[in-house]
Amino acid sequence: MAYLNRKGQLHMTETIAVMFIFFVLIMFAMIFYYKYQQIAFKEKQDELLAARAMDKTLKALFLPELLCTKGDAEAEDNCFDLMKLRHANETFVKYLTNYYFNVFSYARISVEQLYPEKKEFVLYDKLKPDATGAEKTYFVVILKDEVRGEGLPQYNFGYVMVEVYQ
Amino acid sequence: MTEGKKGQIELTFNWMYVLIAGTVILLFFVGIVVKQKAASEERLSLDVLRVMDSIFVGAGVSEKTKNFIDMSGLVDYTLYFDCSDGVGHYGLKGTSADSENAIDPIFAPAEIQGTQLIVWSLPYKLPFKVIDFLFVSSSNTIYYLFSDDTDFANDFTNVTQGYNVKYTITPKYNEIDPGKSFQVRIVDNGGIVVKNKGQVPTKLKGMDDDKVSAVVFTGSNQVDYYQKEGALWKKLNFNPVQIISLGGERDAAKYGAVFSANDKDYHCNMKKAFLRLKYLNEVYGGKEISLGNVGGKLGEMVDYYDVHKELELTRPDCIGNVKKYDSNLVSLMQTHQLRVSACLLQQSSCADLISSAADLKKVNMALGVDCITLY
């Protein structure tokens, strides 16, 4: 009888040990899966942010509110009209919530003029309250100013910076 | 004897235990598979939307370039496009993923299913560039063109190269063969073949009603939409749809009508363009231009000519066209902005935009000689 009891106890300990190892393995698998998912999620977020930054930059570069035009002809590539640019911000701010937020979302778009003198034009700025970072994209542009030149338009030089908040 | 019974109970218990545990484990894995299937379908639809968003942004800025996108991996799915209350929607039918777009006018059939998506854009000008119109179609959507105007027919066949377009003549109307196409759109320039309650071509009668449609351009830049209903054509719009454009080749508003599913979608997308025009007018003419207070780019032009008084002698047409002549930029911009506001409130008044845009274009061209132009 005593022998049978001891055999039963041994069997029970063995089962508990197997179950313990089983649960430890399950726990390891869960931790591994959780870490993997965390990294994959971060990578996906970075990828999405980069894609969003590229989309917003493209949109900013081809905005009719800023582009240089030549009547009915094709718009001038990589050129912003300073006479429009100086006033575009007023419109962007006025219609930010009901229109331009749908275009640029949480972002900051500015134009830095480098030549002939340094000057910054902030066109759009909507900060994300819980932003954890930002993806910046730069693009060189020509800035055409028709009221500054001597009879001919004056061409300035600068870059556009699109900062998309994460 | 007692030990034998005990053994029997233990054996049965073990088997039951194995069965229950096995079932639980099996159910666990079946559950995982089902959840993963649903999750991957959801992920696929979201990925498709994200890729489509990027494609549309790229296509929107690469004006006049056609983009042919392979979507053979999505051949079992149907893409849908819709626009109501100034907001466009698109996505994969049967999934919860839906992309909203209140900015870009996207002219497309209601549904697309096939192996190749065709995306193309044209700038919409009224008179300056307002926005890019995006035209979405597929290689298995056939467009049959009937036209009494060879200029339009030539322009249409030239600009739609790559699309499945067939230019045909009236006697061959009943020979239209859809083949294995997903849907058929008849483009009737001049109202030659499609009439309300008229007969649908014989070989199209067997197709689903929503897969056969027609767009008919009538005189004075108007358009009507038709849908197959049994063997007959049914007109969709009550009032003719006015095309708001300055005409010419590659008329974005006209091509928008060709690629739009129906009059409701067309109006909805045009409304997006008119809203953008209102904001652009403020950049050009200032935020109080509708009250006659000039600002924006036009304000800078006025200030420039006020400062450079000497130009009144050497180039009198400059200041004249900007603010002194009867037809000047300041008053024309004010009219244009007032008309945009009226158009946004009442669709029927949008046609007035054509004349104000044409007047602005005329004055801007006059300035183009040796003055600063508005656009």
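Residues numbered from 1 in each chain as written. Chains lettered and ligands numbered in written order. Predicted model: local features only at pLDDT ≥ 70, side-chain atom pairs only at ≥ 80, totals over all residues.

Draft legend 1. The arrangement of the overall build of chain A in detail. Looking only at helices and strands, chain A features 3 helices and 6 strands. If you list the helices and strands of chain A from N to C, you get α-β-β-α-α-β-β-β-β. For chain A, whose C-alpha radius of gyration is 30 Å, the value lies well above the compact-globule estimate of 15 Å for 166 residues. Overall, chain A is about 115 × 30 × 30 Å in size when its C-alpha atoms are taken along their principal axes. Looking at chain A as a whole, 24% of its 166 residues are labelled buried. Taking as baseline every contact in chain A between residues at least 6 positions apart, the subset at least 24 positions apart corresponds to 61%. (Helix = DSSP H or I, 4+ residues; strand = E, 2+ residues; numbered from the N terminus. Rg over C-alpha atoms; globule rule 2.2 N^0.38 Å. Buried ≥ 20, exposed ≤ 12 C-beta atoms within 10 Å, placed from the backbone. Contact = placed C-beta atoms within 7 Å.)

Draft legend 2. Summary view of the pairing of strand 13 (residues 222-229) of chain B. Residues and elements named next belong to chain B. Of the strand pairs in this sheet, strand 12 (residues 212-218) and strand 13 are connected by 6 bridges, and their pairing is antiparallel. Paired with F217 across the two strands is V223, which belongs to strand 13. Taking the residues that link successive antiparallel strands as the turn, the strand 12-strand 13 hairpin has 3 residues, and the phi of S220 there is positive, at about 50 degrees. Pairing geometry for strand 13 and strand 15 (residues 241-242), over 2 bridges, is antiparallel. Paired with V223 across the strands is V241, a residue of strand 15. With 4 bridges joining them, strand 13 and strand 14 (residues 232-235) adopt antiparallel strand pairing. What sits directly across from Y226, in strand 14, is K235. What sits between the antiparallel neighbours strand 13 and strand 14 is a turn of 2 residues, in which G230 has the positive phi angle 70 degrees. (Pairing = 2+ DSSP bridges.)

Draft legend 3. Representation of the confidence of the model for chain B within the structure. Averaged over all residues, the pLDDT of chain B is 93; the fraction at 70 or higher stands at 97%. Scored as a complex, the prediction yields pTM 0.90 and ipTM 0.87. (pLDDT = per-residue confidence, 0-100.)

Draft legend 4. Broad picture of the sheet that holds strand 5 (residues 106-107) of chain B. All names here are of chain B. Strand order in the open sheet made by the 4 strands is 1-7-8-5, with mixed pairing throughout. Among the strands making up the open sheet, the edge pair consists of strand 1 (67-70) and strand 5. Here 2 bridges tie strand 5 to strand 8 (residues 129-138), and the two strands are oriented parallel to one another. Bridge assignment links I106 to a residue of strand 8, and that residue is L134. Running over the sheet, helix 4 (residues 263-285) touches strand 5, strand 7 (116-125) and strand 8 and is turned about 160 degrees from strand 8. (Axes fitted to C-alpha atoms, helices over the stretch in contact; angles between N-to-C directions.)

Draft legend 5. How the structure looks around the domain arrangement of chain B. Residues and elements named next belong to chain B. Here chain B is partitioned into domain 1 (48-269) and domain 2 (286-367). The distance between the C-alpha centroids of domain 1 and domain 2 comes to 35 Å. On the domain 2 side, the residues contacting the 6 residues of domain 1 number 10 residues. Its residues assigned to classes, the side of domain 1 that touches domain 2 comprises 4 nonpolar, 2 polar and no charged. (Domains from an automatic or database assignment. Nonpolar A, V, L, I, M, F, W, Y, C, P; charged D, E, K, R; others polar.)

Draft legend 6. Summary view of the packing of helix 4 of chain B against helix 5 (residues 296-307) of chain B. Residues and elements named next belong to chain B. At a minimum axis separation of 2 Å, helix 4 and helix 5 run at an interaxial angle of 20 degrees. Put simply, helix 4 runs roughly parallel to helix 5. Where helix 4 approaches helix 5, its residues E282, V283, Y284 and G285 are matched on the opposing element by G296, K297 and L298. Per-class residue counts for the contact of helix 4 with helix 5 are 3 nonpolar, 2 polar and 2 charged. (Parallel < 35°, antiparallel > 145°, perpendicular 65-115°, else oblique.)

Draft legend 7. Just the packing of helix 2 (residues 82-94) of chain A against helix 5 of chain B, in detail. Contact geometry for helix 2 of chain A and helix 5 of chain B: axes closest at 8 Å, N-to-C directions at 125 degrees. Relative to helix 5 of chain B, the element helix 2 of chain A is oriented oblique. With respect to the hand of their crossing, helix 2 of chain A and helix 5 of chain B are arranged in right-handed fashion. Here A:M83, A:K84 and A:H87 of helix 2 of chain A lie close against helix 5 of chain B, whose contacting residues are B:G296, B:K297 and B:E300. For the contact of helix 2 of chain A with helix 5 of chain B, the per-class residue count stands at 1 nonpolar, 2 polar and 3 charged. (Left-handed = near helix turned anticlockwise from the far one by under 90°.)

Draft legend 8. Molecular detail of the interface of chain A and chain B. Contacts between the two partners involve 23 residues from chain A, matched on the other side by 26 residues from chain B. Among the secondary structure elements, those contributing two or more residues to the side of chain A that touches chain B are helix 1 (2-61), helix 2 and helix 3 (96-104) of chain A. The dominant element in the side of chain A that touches chain B, judged by the number of residues it contributes, is helix 2 of chain A, at 7 residues. Along the lines of polarity and charge, the residues of the side of chain A that touches chain B split into 11 nonpolar, 5 polar and 7 charged.

Draft legend 9. Representation of the sheet that holds strand 3 (residues 107-115) of chain A. All names here are of chain A. Taken in spatial order, the 6 strands make up an open sheet running 1-2-5-6-3-4, and their pairing is mixed. The strands lining the two open edges of the sheet, one partner per strand, are strand 1 (67-68) and strand 4 (119-125). Summarising the sheet, strand 3 and strand 6 (residues 154-165) pair through 8 bridges and their orientation is antiparallel. For E112, the partnering residue across the bridge sits in strand 6 and is Y159.

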